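# Reading the structure
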Amino acid sequence: MSTFRGRLQSLFNNRWLVFVAAMWMQSWAGIGYLFGSISPVIKSSLGYNQRQIAGLGVAKDLGDSVGFLAGTLCEVLPLWAALLVGALQNLIGYGLVWLVVTGRVPALPLWVMCILIFVGNNGETYYNTAALVSCVQNFPKSRGPVVGILKGFAGLSGAIITQIYAIVHTPDHAALIFMLAVGPAMVVIALMFIVRPVGGHKQVRSSDASSFTFVYSVCLLLAAYLMGVMLLEDLVDLSPAVTILLTLILLSVLTVPVAIPVLMTFYPDEPDVARECLLPEHQKEERDGSARPSEVILSEVEDEKPMEVDSLPESERQKRIVQLQARLFQAAAEGAVRVRRRRGPHRGEDFTLLQALIKADFWLLFFSLLLGSGSGLTVIDNLGQMSQSLGYEDTHIFVSMISIWNFLGRIGGGYVSEVIVRFHNASLVILCATGLSSLTLVNLSRDRAYPRPAALTVAQVLMAVGHLCFAVVWPGAMHVGTLLIGLGYGAHWSIVPAAASELFGLKNFGALYNFLTVANPAGSLVFSGVIVSGMYDYEASRQARMHHNSASPLTGASLGEEKALKCVGTACFFLSSLLMSGFCVVAVIFSSILVYRTKVVYAHLYGIRE
């Protein structure tokens, strides 16, 4: 009995159980991606116009991304307490929105509705911060895959919740708002004592690589299954019993990864004797109480080395730097130079938020994220209106599709970016979409790690093409645009957090991550709240005036009788989609500059050392 109790205790402290629980929690954490599904019912119930709906969308985006309070509480409170706060915010915010939309309480002013949407969505920041901080600390050398998988499940949550909502089989679309209020809160409360740091760097196993492969396989199976179910429901009128069966299969697939910690606990293998290699070099040195001499005079090396050194092959570059260090040591010993103490951390070490804010690399990453993810989020928030303007009656299919592509983008972004930074001794070719019919080949360096932001550049090129698809509206362009925007937007949220942790360290990762996420609502505030909604309402007003002027006195309706203006046709989002594509091109420029500036950093972090 004591052995079994010990096994259960070991299971509870297993880092893979924490990872799986975080995946389950993230499966309900992306409720903001369903705003495109609930905005039509809010618009019709409360009589809002598109600009007012865009205001609610901006409040939602602010709630998604302003996580300073969540980051602070995760540092001063136990993670379970911070998660409980997030669950209560989620329940109260969306619960009151549901009461207003269904008429159970009197209608509230728009600014109050914005606050409620903000509070309800702000619960996500607690879920995201707790999951990422816990799992990045538990898997310090697998940041790309871990962040990609966790953020991927958050992106897929829209499709998962939509499928569970299909069981309800009710014509009352406001029921989805009730599900968003209750569902995530229940799941998080059930898992809040499991998701936490458990000293994962001491739990390295030889089977970890195969475990990640298994999780990736489950992710791909889940995405393929959801896509198949979605297409089946769109083409065939399924009975409620079949819908329930399909949903139960979905929930069963979600539980499959728990087999990893269970097998590790009850059928353990030997720990990896090289677990110490999981720690970054500077952390090893701190544990040993000593530092490498090269770190002492690193600033002098940067000053004295010739510019051409950085362009040399990795082995030759390292050799030249070692020679320069040796000369500087000798000069320092003879008193010819004075060794300077560094005034702050170098890239790749632990930064505070204030130290990061004065670095150009941090702001390049921030503005690249603002333009890229902000334009993608604008599409997600307006996808319901975009599909309706083109004559599609069922907007849920596009919301589910972009959720699935978002998921695959996050999974693929984490995996591909990890391959890029760890690829050595061979040429790697990536296909970068530069148009619907042309492809460009990018040949990466043969003997040094390539910066992770290179993958971000590829994602933003995809998004630029996706926005063009929405502008031209060719046959099938809506589906292609949804695919490219979903993949590109999702990749941002697996690449950027991992890159931030590499360039600015893990010690203050929560604060750095939550500051970067502010780029999301900042972009949405300008793109969706001002540009897209303004152009939509202008075109809708123009169409309403034309309809009013051409209508007969018996059938015509005055403009005042239709509070919620509706735009129909390709002109509704044509110009705004072209502008979004241009913003993504600017983001590509920023990311390319960041790639150039961080080549040396990634060569030091992941490059070959002789």
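Residues numbered from 1 in each chain as written. Predicted model: local features only at pLDDT ≥ 70, side-chain atom pairs only at ≥ 80, totals over all residues. Heavy atoms only, no water.

## Quick word on the overall build of the protein
Per the secondary structure count, the protein includes 25 helices and 2 strands. If you take every contact in the protein between residues at least 6 apart in sequence, the share linking residues at least 24 apart comes to 83%. (Helix = DSSP H or I, 4+ residues; strand = E, 2+ residues; numbered from the N terminus. Contact = heavy atoms within 4.5 Å.)

## Remarks on the confidence of the model for the protein
Within the protein, residue pLDDT values average 78, and 78% of them lie at 70 or more. Mean pLDDT values for the elements of the protein range from 39 in helix α14 (residues 293-296) up to 94 in helix α6 (residues 79-101). Residue range residues 424-447 is modelled with pLDDT below 50. Its contacts to residues more than four positions away, or to other chains, number 57 contacts. Under a pLDDT of 50 for its full length, residues 554-562 has, in the predicted model, 6 contacts with residues more than four places off or in other chains. (pLDDT = per-residue confidence, 0-100.)

## As for helix α5 (residues 68-76)
Buried within α5 are the following residues: A70, G71, L73 and C74. Down the axis of α5, the buried side of the element spans an arc of 170 degrees, and every buried residue falls inside it. Away from its buried face by more than 90 degrees, α5 exposes E75 and V76. Buried positions along α5 lie against α6, α7 (110-138) and α22 (509-516). (Buried < 20%, exposed > 50% of the residue type's maximum accessible area, 1.4 Å probe, protein only. Arc of directions from axis to C-beta.)

## Overview of the side chain of T247
Inspection of the secondary structure assignment puts T247 in helix α11 (residues 240-255). Separated by 3.1 Å, the side chains of T247 and Q163 make a polar contact. Residues within four places of T247 in sequence aside, it is in contact with Q163, I164 and I167. (Polar contact = N/O pair within 3.5 Å; in protein donor to acceptor, adjacent residues only side chain to side chain.)

## Some thoughts on the pattern of salt bridges
For the structure shown, the criterion picks out 5 salt bridges. Salt bridges linked by common partners bring E418, R452 and E502 together as one network. (Salt bridge = Lys/Arg side-chain N within 4 Å of Asp/Glu carboxyl O.)

## Remarks on the packing of helix α4 (residues 50-65) against helix α18 (residues 360-389)
Put simply, α4 and α18 touch, their axes get as near as 11 Å, and they point 140 degrees apart. As the angle between them shows, α4 and α18 are arranged oblique. Considering how the two elements wind past one another, α4 and α18 form a crossing that is right-handed. For the pair α4 and α18, the contacting residues are Q50, G57, K60 and D61 in the first and L377, D381, N382 and Q385 in the second. Residue composition of the contact of α4 with α18, grouped by class: 1 nonpolar, 4 polar and 3 charged. (Axes fitted to C-alpha atoms, helices over the stretch in contact; angles between N-to-C directions. Parallel < 35°, antiparallel > 145°, perpendicular 65-115°, else oblique. Left-handed = near helix turned anticlockwise from the far one by under 90°. Nonpolar A, V, L, I, M, F, W, Y, C, P; charged D, E, K, R; others polar.)

## So, a nonpolar patch on the surface
Together, F4, L8, V262, L263, F266 and Y267 give the surface a local cluster of nonpolar side chains, amounting to about 580 Å² of exposed area. Every element with two or more residues in the nonpolar patch is listed here: α1 (2-12) and α12 (259-266). Sorting elements by how many residues they give to the nonpolar patch places α12 first, with 3 residues. Position of V262 among the secondary structure elements: in helix α12. (Patch = residues over 30% accessible without salt bridge, like charges linked within 9 Å, V, L, I, M, F, W, Y side chains within 5 Å. Areas by Shrake-Rupley, 256 points an atom, 1.4 Å probe, with all protein chains shown as cover.)

## Observations concerning the nonpolar core
As a rule of thumb, soluble globular proteins bury nonpolar side chains together. In terms of nonpolar packing, the biggest core is built from 159 residues, with F19, I42, L56, I149, L150 and I177 touching the most fellow members. L462, V465, C469 and A477 belong to the second largest nonpolar core, which has 5 residues in total. (Core = buried A, V, L, I, M, F, W, Y, C linked by side-chain atoms within 4.5 Å.)

## Examining the side chain of T598
Mapped onto the fold, T598 is located in the loop between α24 (574-597) and α25 (599-606). With residues near it in sequence (within four places) discarded, T598 still touches R347, D361, P451 and L503.

## Topic: the packing of aromatic side chains
One pass over the structure, following the stated rule, counts 21 aromatic pairs. On the numbers, 5.4 Å between centres and 35 degrees between planes, the contact of W80 with F193 is tilted. You can see W80 sitting in helix α6 and its partner F193 sitting in the loop between α9 (175-191) and α10 (208-235), a full 113 residues away along the chain. On the basis of relative accessibility, which here comes to 37%, the residue W80 falls in the partly exposed class. Here W363 and F366 contribute two aromatic rings whose centre-to-centre distance is 5.4 Å and whose plane-to-plane angle is 75 degrees, an arrangement assigned as edge-to-face. Of the two residues, W363 and F366 both sit in helix α18, 3 residues apart, roughly one turn of that helix. Residue placement shows R196 over the ring face of F12; its charged tip is 4.1 Å from the ring centre. (Phe/Tyr/Trp six-rings, centres within 6.5 Å; stacked < 30°, edge-to-face > 60°. Lys NZ or Arg CZ within 6 Å of the ring centre and 35° of its normal.)

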